[in-house]
Amino acid sequence: MKVEDFPCEFKKAIPIIKRLRQAGFVAYFVGGSVRNFLLGQEIHDIDIATSAYPAEIKEIFPRTVDVGIEHGTVMVLYKGRSYEVTTFRTESAYQDYRRPDSVIFVRTLEEDLKRRDFTINALAMDSNGKIIDLFAGKADLQGKVIRAAGDSNERFHEDALRMMRAFRFASQLGFRIEDTTYQAIQANVSLLEKISMERIQAEFIKLMLGKFRNKGLRIFIETKAFLHVPCLQQKSFDLKKLLQLPDDTLHTSSQVWALLGYFLAFSQVDFHKFLREWKEAKAVFREAFLMLELLKKRKHSEWTNELLFQAGLDIALLTEELVQLIWRRGDNEKIKKQFAKLPITSRSEIAVSGNDLQKELNRKPGEWLGIMIAQIEQAILQRKLKNEYQAIIEFARSEGEHDKGR
Ligand code: ATP
Ligand code: MG
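Residues numbered from 1 in each chain as written. Chains lettered and ligands numbered in written order. Predicted model: local features only at pLDDT ≥ 70, side-chain atom pairs only at ≥ 80, totals over all residues. Heavy atoms only, no water.

It is worth spelling out the overall build of the chain at this point. For the chain, the count of helices and strands is 20 helices and 11 strands. Per-residue burial for the chain yields a buried fraction of 50% across its 406 residues. Counting contacts in the chain only where the partners sit at least 6 residues apart, residues at least 24 apart contribute 64% of the total. Carbon and sulfur atoms form 49% of the exposed surface of the chain, whose accessible area is close to 19900 Å². Here the chain holds 63 positive side-chain charges and 56 negative ones, and the gap between their average locations is 2 Å. (Helix = DSSP H or I, 4+ residues; strand = E, 2+ residues; numbered from the N terminus. Buried < 20%, exposed > 50% of the residue type's maximum accessible area, 1.4 Å probe, protein only. Contact = heavy atoms within 4.5 Å. Areas by Shrake-Rupley, 256 points an atom, 1.4 Å probe, with all protein chains shown as cover. Lys, Arg positive; Asp, Glu negative; His and termini not counted. Charge placed at Lys NZ, Arg CZ, Asp CG, Glu CD.)

Moving on, we come to the site of ligand 1. Ligand 1 sits among 14 residues. The nearest are Arg 35, Asn 121, Arg 162, Arg 165 and Arg 168. In the environment of ligand 1, an oxygen atom lies 3.0 Å from a nitrogen or oxygen atom belonging to the side chain of Arg 116. At 3.0 Å from an oxygen atom of ligand 1 is found a side-chain nitrogen or oxygen belonging to Arg 165. For ligand 1, whose accessible area on its own is 590 Å², the fraction buried by protein is 81%. Mapped onto the shell around ligand 1, the elements with two or more residues apiece are helix 2 (32-39) and helix 7 (161-173). Among the elements that make up the shell around ligand 1, the one with the highest residue count is helix 7 (four residues). (Near = heavy atom within 4 Å. Polar contact = N/O pair within 3.5 Å; in protein donor to acceptor, adjacent residues only side chain to side chain.)

Attention now moves to the environment of Asp 66. As for its position among the elements, Asp 66 is in strand 3 (residues 64-68). Sequence-wise, Asp 66 and Asp 47 are 19 residues apart; in three dimensions their C-alpha atoms are separated by 15 Å. Engagement of the side chain of Asp 66 in a polar contact is seen with the side chain of Lys 58, the distance being 2.9 Å.

This paragraph deals with the packing of helix 18 (residues 354-361) against helix 19 (residues 367-381). Close contact between helix 18 and helix 19 brings their axes to 11 Å; oriented N to C, the two are set at 110°. Here helix 19 runs roughly perpendicular to helix 18, going by the angle between their axes. Across from Gly 354, Leu 357, Gln 358 and Leu 361 in helix 18, the residues of helix 19 making contact are Trp 368, Leu 369, Met 372, Ile 373 and Ile 376. Of the residues that constitute the contact of helix 18 with helix 19, the class distribution is seven nonpolar, two polar and no charged. (Axes fitted to C-alpha atoms, helices over the stretch in contact; angles between N-to-C directions. Parallel < 35°, antiparallel > 145°, perpendicular 65-115°, else oblique. Nonpolar A, V, L, I, M, F, W, Y, C, P; charged D, E, K, R; others polar.)

Here we come to the environment of Met 163. Tracing the chain through its elements places Met 163 in helix 7. Residue class for Met 163 comes out buried when judged on its relative accessible area of 0%. As a C-alpha pair, Met 163 and Ile 335 span 172 residues in sequence and 40 Å in three-dimensional space. Residues contacting Met 163, with those up to four places away along its chain left out, are Phe 156, Ile 185, Asn 188, Val 189, Leu 191 and Leu 192.

Taken by themselves, the reported measurements are silent on function.
Now the structure itself:
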(Lines give C-alpha, C1' and ligand atoms only; values in the text may rest on other atoms or scores of the structure.)
(Ligands and ions follow the chains in the order given, each with its own letter.)
Protein backbone atom coordinates (compact mmCIF):
# COMPACT_ATOMS: atom_id res chain seq x y z
CA MET A 1 0.00 0.00 0.00
CA LYS A 2 1.44 3.35 -1.03
CA VAL A 3 0.96 6.32 1.23
CA GLU A 4 -0.54 8.30 -1.69
CA ASP A 5 -3.37 5.77 -1.77
CA PHE A 6 -4.15 6.17 1.94
CA PRO A 7 -7.62 7.43 2.78
CA CYS A 8 -7.44 11.02 3.95
CA GLU A 9 -8.21 10.07 7.58
CA PHE A 10 -4.87 8.23 7.74
CA LYS A 11 -2.97 10.88 5.76
CA LYS A 12 -4.03 13.55 8.24
CA ALA A 13 -2.80 11.41 11.13
CA ILE A 14 0.63 10.62 9.69
CA PRO A 15 2.30 13.67 11.31
CA ILE A 16 1.32 12.26 14.74
CA ILE A 17 3.12 9.00 14.04
CA LYS A 18 6.10 10.91 12.59
CA ARG A 19 6.44 13.11 15.65
CA LEU A 20 6.40 10.14 17.96
CA ARG A 21 9.09 8.53 15.80
CA GLN A 22 11.21 11.69 15.80
CA ALA A 23 11.11 11.57 19.59
CA GLY A 24 12.56 8.06 19.49
CA PHE A 25 9.39 5.98 19.87
CA VAL A 26 7.53 3.66 17.54
CA ALA A 27 3.88 4.17 16.64
CA TYR A 28 1.29 2.40 14.50
CA PHE A 29 -2.30 2.63 13.38
CA VAL A 30 -4.27 -0.14 15.13
CA GLY A 31 -7.72 -1.56 15.72
CA GLY A 32 -10.92 -0.86 13.84
CA SER A 33 -9.44 1.78 11.51
CA VAL A 34 -6.94 -0.67 10.00
CA ARG A 35 -9.60 -3.38 9.77
CA ASN A 36 -12.13 -1.11 8.08
CA PHE A 37 -9.49 0.35 5.79
CA LEU A 38 -8.52 -3.13 4.54
CA LEU A 39 -12.21 -3.90 4.06
CA GLY A 40 -12.68 -0.70 2.08
CA GLN A 41 -15.21 0.49 4.63
CA GLU A 42 -15.75 3.82 6.31
CA ILE A 43 -13.23 4.68 9.02
CA HIS A 44 -14.77 6.05 12.21
CA ASP A 45 -11.91 6.93 14.48
CA ILE A 46 -8.18 6.55 14.21
CA ASP A 47 -6.46 4.74 17.06
CA ILE A 48 -2.71 4.92 17.38
CA ALA A 49 -0.60 2.61 19.54
CA THR A 50 2.87 3.67 20.61
CA SER A 51 5.82 2.70 22.75
CA ALA A 52 5.70 6.16 24.40
CA TYR A 53 4.25 6.32 27.91
CA PRO A 54 1.34 8.71 28.57
CA ALA A 55 3.57 11.35 30.15
CA GLU A 56 5.89 11.14 27.16
CA ILE A 57 2.98 11.50 24.72
CA LYS A 58 1.85 14.60 26.58
CA GLU A 59 5.31 16.12 26.37
CA ILE A 60 5.41 15.69 22.60
CA PHE A 61 1.99 17.16 21.76
CA PRO A 62 0.95 20.61 22.95
CA ARG A 63 -2.80 19.86 23.02
CA THR A 64 -3.96 16.68 24.74
CA VAL A 65 -6.85 15.51 26.90
CA ASP A 66 -6.56 12.80 29.55
CA VAL A 67 -9.34 10.46 28.49
CA GLY A 68 -8.14 7.21 30.00
CA ILE A 69 -4.70 7.83 31.25
CA GLU A 70 -4.81 4.90 33.69
CA HIS A 71 -5.27 2.63 30.67
CA GLY A 72 -2.56 4.48 28.80
CA THR A 73 -4.83 6.48 26.50
CA VAL A 74 -4.23 10.15 25.77
CA MET A 75 -6.35 12.06 23.30
CA VAL A 76 -4.20 14.16 21.00
CA LEU A 77 -5.85 17.17 19.36
CA TYR A 78 -4.32 17.98 16.03
CA LYS A 79 -5.60 20.25 13.24
CA GLY A 80 -9.20 20.17 14.40
CA ARG A 81 -9.33 16.41 14.88
CA SER A 82 -8.78 14.12 17.83
CA TYR A 83 -6.82 10.89 17.96
CA GLU A 84 -6.63 8.31 20.72
CA VAL A 85 -2.99 7.52 21.31
CA THR A 86 -2.50 4.51 23.58
CA THR A 87 0.67 3.13 25.07
CA PHE A 88 1.47 -0.49 24.15
CA ARG A 89 0.21 -2.56 27.02
CA THR A 90 -0.58 -6.04 28.18
CA GLU A 91 -3.37 -7.01 30.49
CA SER A 92 -2.07 -9.80 32.63
CA ALA A 93 -4.00 -9.51 35.86
CA TYR A 94 -7.54 -10.56 34.96
CA GLN A 95 -9.95 -11.05 37.80
CA ASP A 96 -13.52 -12.30 37.73
CA TYR A 97 -13.61 -12.59 33.95
CA ARG A 98 -13.60 -8.84 33.61
CA ARG A 99 -11.11 -6.56 32.01
CA PRO A 100 -8.29 -5.82 34.40
CA ASP A 101 -8.21 -2.79 36.62
CA SER A 102 -4.54 -2.33 36.09
CA VAL A 103 -2.55 -2.53 32.91
CA ILE A 104 1.12 -3.08 32.33
CA PHE A 105 2.81 -0.84 29.81
CA VAL A 106 5.20 -2.56 27.42
CA ARG A 107 7.54 -1.28 24.74
CA THR A 108 6.78 -3.60 21.81
CA LEU A 109 3.90 -3.70 19.37
CA GLU A 110 3.86 -7.51 19.37
CA GLU A 111 2.98 -7.71 23.06
CA ASP A 112 0.27 -5.13 22.57
CA LEU A 113 -1.31 -6.97 19.64
CA LYS A 114 -1.51 -10.18 21.67
CA ARG A 115 -3.98 -8.65 24.12
CA ARG A 116 -6.46 -7.76 21.36
CA ASP A 117 -9.67 -9.75 20.99
CA PHE A 118 -9.95 -11.01 17.41
CA THR A 119 -7.47 -11.61 14.63
CA ILE A 120 -9.19 -8.99 12.48
CA ASN A 121 -8.76 -6.44 15.30
CA ALA A 122 -5.13 -7.32 15.95
CA LEU A 123 -3.79 -5.74 12.77
CA ALA A 124 -1.45 -2.77 12.81
CA MET A 125 -0.18 -0.51 10.03
CA ASP A 126 2.88 1.73 10.00
CA SER A 127 3.00 5.15 8.38
CA ASN A 128 4.32 3.63 5.13
CA GLY A 129 1.28 1.39 4.78
CA LYS A 130 3.08 -1.79 5.88
CA ILE A 131 0.68 -4.15 7.63
CA ILE A 132 1.78 -6.07 10.73
CA ASP A 133 -0.32 -9.20 10.94
CA LEU A 134 0.74 -11.55 13.76
CA PHE A 135 -2.44 -13.64 13.76
CA ALA A 136 -3.26 -13.94 10.06
CA GLY A 137 -6.01 -11.38 10.49
CA LYS A 138 -5.83 -10.38 6.83
CA ALA A 139 -6.72 -13.92 5.76
CA ASP A 140 -9.67 -13.85 8.18
CA LEU A 141 -10.82 -10.54 6.71
CA GLN A 142 -10.79 -12.20 3.31
CA GLY A 143 -12.50 -15.32 4.59
CA LYS A 144 -15.02 -13.17 6.51
CA VAL A 145 -14.28 -14.91 9.78
CA ILE A 146 -14.29 -13.73 13.38
CA ARG A 147 -11.64 -15.73 15.21
CA ALA A 148 -10.24 -15.13 18.67
CA ALA A 149 -6.59 -14.09 18.63
CA GLY A 150 -4.84 -16.92 20.46
CA ASP A 151 -6.58 -19.46 22.68
CA SER A 152 -10.28 -18.64 22.47
CA ASN A 153 -11.22 -20.19 25.80
CA GLU A 154 -8.56 -18.18 27.56
CA ARG A 155 -9.52 -14.99 25.76
CA PHE A 156 -13.17 -15.22 26.83
CA HIS A 157 -12.12 -16.10 30.36
CA GLU A 158 -9.95 -13.00 30.51
CA ASP A 159 -12.78 -10.74 29.41
CA ALA A 160 -16.22 -12.23 28.79
CA LEU A 161 -17.41 -9.06 27.04
CA ARG A 162 -15.47 -10.30 24.01
CA MET A 163 -18.35 -12.72 23.37
CA MET A 164 -20.76 -9.82 22.97
CA ARG A 165 -18.17 -8.14 20.76
CA ALA A 166 -18.06 -11.24 18.54
CA PHE A 167 -21.84 -11.00 18.01
CA ARG A 168 -21.57 -7.30 17.34
CA PHE A 169 -18.84 -7.70 14.73
CA ALA A 170 -20.85 -10.50 13.09
CA SER A 171 -23.71 -8.03 12.79
CA GLN A 172 -21.61 -5.08 11.61
CA LEU A 173 -19.45 -6.99 9.14
CA GLY A 174 -21.67 -9.92 8.17
CA PHE A 175 -18.88 -12.36 9.13
CA ARG A 176 -19.33 -15.85 10.58
CA ILE A 177 -17.73 -16.91 13.83
CA GLU A 178 -15.02 -19.52 13.35
CA ASP A 179 -15.87 -22.95 14.84
CA THR A 180 -13.41 -23.14 17.75
CA THR A 181 -14.24 -19.57 18.73
CA TYR A 182 -17.96 -20.37 18.49
CA GLN A 183 -17.58 -23.46 20.67
CA ALA A 184 -15.62 -21.46 23.24
CA ILE A 185 -18.49 -18.95 23.33
CA GLN A 186 -21.03 -21.73 23.88
CA ALA A 187 -18.90 -23.14 26.68
CA ASN A 188 -18.34 -19.80 28.43
CA VAL A 189 -21.47 -17.85 27.69
CA SER A 190 -22.64 -17.80 31.31
CA LEU A 191 -19.61 -15.62 32.15
CA LEU A 192 -21.53 -12.72 30.62
CA GLU A 193 -23.24 -12.45 34.00
CA LYS A 194 -19.95 -11.12 35.40
CA ILE A 195 -19.85 -8.19 33.01
CA SER A 196 -21.23 -4.73 33.74
CA MET A 197 -24.51 -4.01 31.98
CA GLU A 198 -23.19 -0.73 30.59
CA ARG A 199 -20.55 -2.58 28.58
CA ILE A 200 -22.98 -5.30 27.46
CA GLN A 201 -25.57 -2.74 26.48
CA ALA A 202 -23.12 -0.75 24.35
CA GLU A 203 -22.15 -3.86 22.37
CA PHE A 204 -25.76 -5.06 22.12
CA ILE A 205 -26.89 -1.74 20.69
CA LYS A 206 -24.09 -1.87 18.13
CA LEU A 207 -25.26 -5.39 17.27
CA MET A 208 -28.84 -4.20 16.77
CA LEU A 209 -27.72 -1.24 14.64
CA GLY A 210 -25.48 -3.39 12.44
CA LYS A 211 -26.07 -3.91 8.74
CA PHE A 212 -26.41 -7.67 9.22
CA ARG A 213 -28.52 -7.51 12.37
CA ASN A 214 -30.09 -10.91 11.85
CA LYS A 215 -26.72 -12.59 11.65
CA GLY A 216 -25.56 -11.16 14.97
CA LEU A 217 -28.91 -11.66 16.64
CA ARG A 218 -29.14 -15.27 15.50
CA ILE A 219 -25.79 -16.07 17.13
CA PHE A 220 -26.82 -14.16 20.27
CA ILE A 221 -29.87 -16.44 20.44
CA GLU A 222 -28.29 -19.71 19.32
CA THR A 223 -25.36 -19.50 21.74
CA LYS A 224 -27.95 -18.89 24.48
CA ALA A 225 -26.27 -15.62 25.43
CA PHE A 226 -29.75 -14.15 25.95
CA LEU A 227 -30.19 -16.39 29.00
CA HIS A 228 -27.41 -14.52 30.77
CA VAL A 229 -28.60 -10.93 30.39
CA PRO A 230 -31.49 -9.32 32.29
CA CYS A 231 -35.17 -9.73 31.37
CA LEU A 232 -34.73 -11.98 28.32
CA GLN A 233 -34.67 -15.46 29.90
CA GLN A 234 -38.34 -16.12 29.16
CA LYS A 235 -38.27 -14.49 25.75
CA SER A 236 -36.71 -17.12 23.53
CA PHE A 237 -39.80 -17.48 21.33
CA ASP A 238 -40.36 -13.75 20.91
CA LEU A 239 -36.68 -13.07 20.25
CA LYS A 240 -36.73 -15.61 17.42
CA LYS A 241 -39.67 -13.79 15.83
CA LEU A 242 -37.37 -10.79 15.38
CA LEU A 243 -35.26 -12.89 13.02
CA GLN A 244 -38.11 -12.92 10.52
CA LEU A 245 -37.77 -9.18 9.95
CA PRO A 246 -35.74 -7.99 6.97
CA ASP A 247 -32.24 -6.66 7.66
CA ASP A 248 -33.20 -2.96 7.17
CA THR A 249 -30.76 -0.96 9.25
CA LEU A 250 -31.94 0.76 12.41
CA HIS A 251 -30.55 4.17 13.31
CA THR A 252 -31.03 4.92 17.01
CA SER A 253 -30.96 3.08 20.35
CA SER A 254 -34.51 4.27 20.99
CA GLN A 255 -35.63 2.43 17.86
CA VAL A 256 -33.90 -0.70 19.12
CA TRP A 257 -35.68 -0.55 22.47
CA ALA A 258 -39.06 0.26 20.95
CA LEU A 259 -38.71 -2.65 18.52
CA LEU A 260 -37.80 -4.99 21.37
CA GLY A 261 -40.59 -3.60 23.54
CA TYR A 262 -43.05 -4.38 20.76
CA PHE A 263 -41.81 -7.87 19.89
CA LEU A 264 -41.11 -9.03 23.41
CA ALA A 265 -44.59 -7.83 24.43
CA PHE A 266 -43.47 -6.31 27.70
CA SER A 267 -46.11 -4.74 29.91
CA GLN A 268 -45.44 -1.06 30.66
CA VAL A 269 -44.01 -1.99 34.04
CA ASP A 270 -41.78 -4.70 32.60
CA PHE A 271 -40.59 -2.46 29.77
CA HIS A 272 -39.58 0.08 32.38
CA LYS A 273 -37.73 -2.59 34.33
CA PHE A 274 -36.09 -3.86 31.15
CA LEU A 275 -34.66 -0.44 30.24
CA ARG A 276 -33.63 0.22 33.81
CA GLU A 277 -31.79 -3.06 34.15
CA TRP A 278 -30.11 -2.55 30.80
CA LYS A 279 -28.91 0.79 32.19
CA GLU A 280 -30.33 2.97 29.48
CA ALA A 281 -30.03 6.75 29.87
CA LYS A 282 -33.17 8.63 30.89
CA ALA A 283 -33.48 10.62 27.65
CA VAL A 284 -33.32 7.50 25.46
CA PHE A 285 -35.66 5.78 27.88
CA ARG A 286 -38.30 8.47 27.34
CA GLU A 287 -37.88 8.45 23.60
CA ALA A 288 -38.21 4.66 23.46
CA PHE A 289 -41.39 4.77 25.55
CA LEU A 290 -42.97 7.36 23.29
CA MET A 291 -41.93 5.49 20.17
CA LEU A 292 -43.41 2.22 21.43
CA GLU A 293 -46.68 3.96 22.28
CA LEU A 294 -46.81 5.56 18.81
CA LEU A 295 -45.91 2.29 17.13
CA LYS A 296 -48.80 0.48 18.81
CA LYS A 297 -51.20 3.22 17.71
CA ARG A 298 -49.77 3.28 14.24
CA LYS A 299 -50.46 -0.43 13.89
CA HIS A 300 -54.16 0.28 13.54
CA SER A 301 -54.35 3.87 12.33
CA GLU A 302 -52.75 6.55 10.19
CA TRP A 303 -50.88 9.49 11.72
CA THR A 304 -53.34 12.00 13.11
CA ASN A 305 -52.31 15.62 13.62
CA GLU A 306 -52.36 15.03 17.38
CA LEU A 307 -50.04 12.02 17.14
CA LEU A 308 -47.64 13.90 14.87
CA PHE A 309 -47.67 16.86 17.24
CA GLN A 310 -47.02 14.59 20.21
CA ALA A 311 -44.15 12.84 18.42
CA GLY A 312 -42.40 15.75 16.72
CA LEU A 313 -41.05 15.16 13.21
CA ASP A 314 -37.87 13.29 14.13
CA ILE A 315 -39.55 10.73 16.37
CA ALA A 316 -42.40 10.33 13.90
CA LEU A 317 -39.96 9.50 11.11
CA LEU A 318 -38.00 7.08 13.30
CA THR A 319 -41.25 5.39 14.32
CA GLU A 320 -42.29 5.18 10.69
CA GLU A 321 -39.03 3.33 9.93
CA LEU A 322 -40.16 0.69 12.42
CA VAL A 323 -43.58 0.58 10.76
CA GLN A 324 -41.81 -0.12 7.47
CA LEU A 325 -39.58 -2.74 9.05
CA ILE A 326 -42.41 -4.63 10.74
CA TRP A 327 -45.36 -4.24 8.39
CA ARG A 328 -43.70 -3.23 5.12
CA ARG A 329 -45.88 -0.15 4.81
CA GLY A 330 -45.53 3.51 5.68
CA ASP A 331 -44.57 6.67 3.91
CA ASN A 332 -41.98 9.16 5.17
CA GLU A 333 -42.78 11.78 2.54
CA LYS A 334 -46.43 11.79 3.52
CA ILE A 335 -45.46 12.38 7.15
CA LYS A 336 -43.16 15.26 6.25
CA LYS A 337 -45.93 16.92 4.22
CA GLN A 338 -48.53 16.39 6.93
CA PHE A 339 -46.14 17.74 9.57
CA ALA A 340 -45.39 20.84 7.49
CA LYS A 341 -49.12 21.58 7.39
CA LEU A 342 -49.70 21.28 11.15
CA PRO A 343 -51.26 24.51 12.48
CA ILE A 344 -48.85 24.34 15.45
CA THR A 345 -45.82 22.14 16.06
CA SER A 346 -45.26 22.98 19.72
CA ARG A 347 -47.25 24.35 22.62
CA SER A 348 -45.26 27.57 22.58
CA GLU A 349 -46.80 28.40 19.20
CA ILE A 350 -50.30 28.75 20.65
CA ALA A 351 -51.24 32.42 20.23
CA VAL A 352 -52.37 32.70 23.86
CA SER A 353 -50.28 32.11 26.97
CA GLY A 354 -51.29 30.75 30.37
CA ASN A 355 -51.02 34.29 31.74
CA ASP A 356 -53.34 35.63 29.06
CA LEU A 357 -55.93 33.00 29.92
CA GLN A 358 -55.83 33.79 33.64
CA LYS A 359 -56.24 37.50 32.97
CA GLU A 360 -58.95 37.21 30.36
CA LEU A 361 -60.97 34.67 32.34
CA ASN A 362 -60.18 36.36 35.59
CA ARG A 363 -59.25 33.12 37.31
CA LYS A 364 -56.44 32.10 39.63
CA PRO A 365 -53.88 29.54 38.38
CA GLY A 366 -54.87 25.96 39.08
CA GLU A 367 -55.50 22.60 37.56
CA TRP A 368 -58.04 24.10 35.15
CA LEU A 369 -55.29 25.92 33.29
CA GLY A 370 -53.43 22.81 32.12
CA ILE A 371 -56.69 21.16 31.09
CA MET A 372 -57.77 24.27 29.22
CA ILE A 373 -54.49 24.56 27.34
CA ALA A 374 -54.71 20.87 26.35
CA GLN A 375 -58.25 21.46 25.05
CA ILE A 376 -57.13 24.49 23.08
CA GLU A 377 -54.20 22.59 21.65
CA GLN A 378 -56.42 19.71 20.57
CA ALA A 379 -59.01 21.98 19.00
CA ILE A 380 -56.32 23.83 17.03
CA LEU A 381 -54.75 20.56 15.84
CA GLN A 382 -58.16 19.26 14.78
CA ARG A 383 -58.68 22.56 12.96
CA LYS A 384 -61.81 23.28 14.96
CA LEU A 385 -60.22 26.44 16.31
CA LYS A 386 -58.04 29.06 14.63
CA ASN A 387 -54.73 29.81 16.31
CA GLU A 388 -55.68 33.47 16.86
CA TYR A 389 -55.82 35.37 20.14
CA GLN A 390 -59.46 36.46 20.08
CA ALA A 391 -60.78 33.14 18.76
CA ILE A 392 -58.94 31.23 21.47
CA ILE A 393 -60.15 33.50 24.27
CA GLU A 394 -63.76 33.08 23.10
CA PHE A 395 -63.25 29.31 22.94
CA ALA A 396 -61.79 29.34 26.46
CA ARG A 397 -64.70 31.41 27.81
CA SER A 398 -67.29 29.06 26.36
CA GLU A 399 -65.39 25.98 27.56
CA GLY A 400 -65.12 27.64 30.98
CA GLU A 401 -68.89 28.24 31.09
CA HIS A 402 -69.38 24.69 29.97
CA ASP A 403 -67.29 23.43 32.88
CA LYS A 404 -69.19 25.51 35.41
CA GLY A 405 -72.43 24.11 34.07
CA ARG A 406 -71.28 20.53 34.64
P1 ATP B 1 -15.25 0.42 15.98
O2 ATP B 1 -15.13 0.62 14.51
O3 ATP B 1 -16.63 0.08 16.39
O4 ATP B 1 -14.64 1.49 16.81
P5 ATP B 1 -13.08 -1.16 16.96
O6 ATP B 1 -12.52 -2.48 16.53
O7 ATP B 1 -12.19 0.04 16.81
O8 ATP B 1 -14.45 -0.96 16.22
P9 ATP B 1 -13.15 -0.50 19.73
O10 ATP B 1 -14.12 -0.93 20.77
O11 ATP B 1 -13.01 0.93 19.39
O12 ATP B 1 -13.51 -1.35 18.44
O13 ATP B 1 -11.74 -1.07 20.18
C14 ATP B 1 -10.53 -0.73 19.52
C15 ATP B 1 -9.58 -1.93 19.48
O16 ATP B 1 -9.21 -2.26 20.83
C17 ATP B 1 -10.18 -3.19 18.92
O18 ATP B 1 -10.05 -3.25 17.50
C19 ATP B 1 -9.38 -4.26 19.61
O20 ATP B 1 -8.12 -4.41 19.01
C21 ATP B 1 -9.14 -3.67 20.99
N22 ATP B 1 -10.18 -4.05 21.98
C23 ATP B 1 -11.28 -3.35 22.34
N24 ATP B 1 -11.98 -3.98 23.29
C25 ATP B 1 -11.32 -5.11 23.56
C26 ATP B 1 -11.50 -6.20 24.48
N27 ATP B 1 -12.55 -6.24 25.30
N28 ATP B 1 -10.58 -7.17 24.50
C29 ATP B 1 -9.50 -7.14 23.67
N30 ATP B 1 -9.27 -6.15 22.80
C31 ATP B 1 -10.14 -5.15 22.73
MG1 MG C 1 -12.65 2.05 17.53
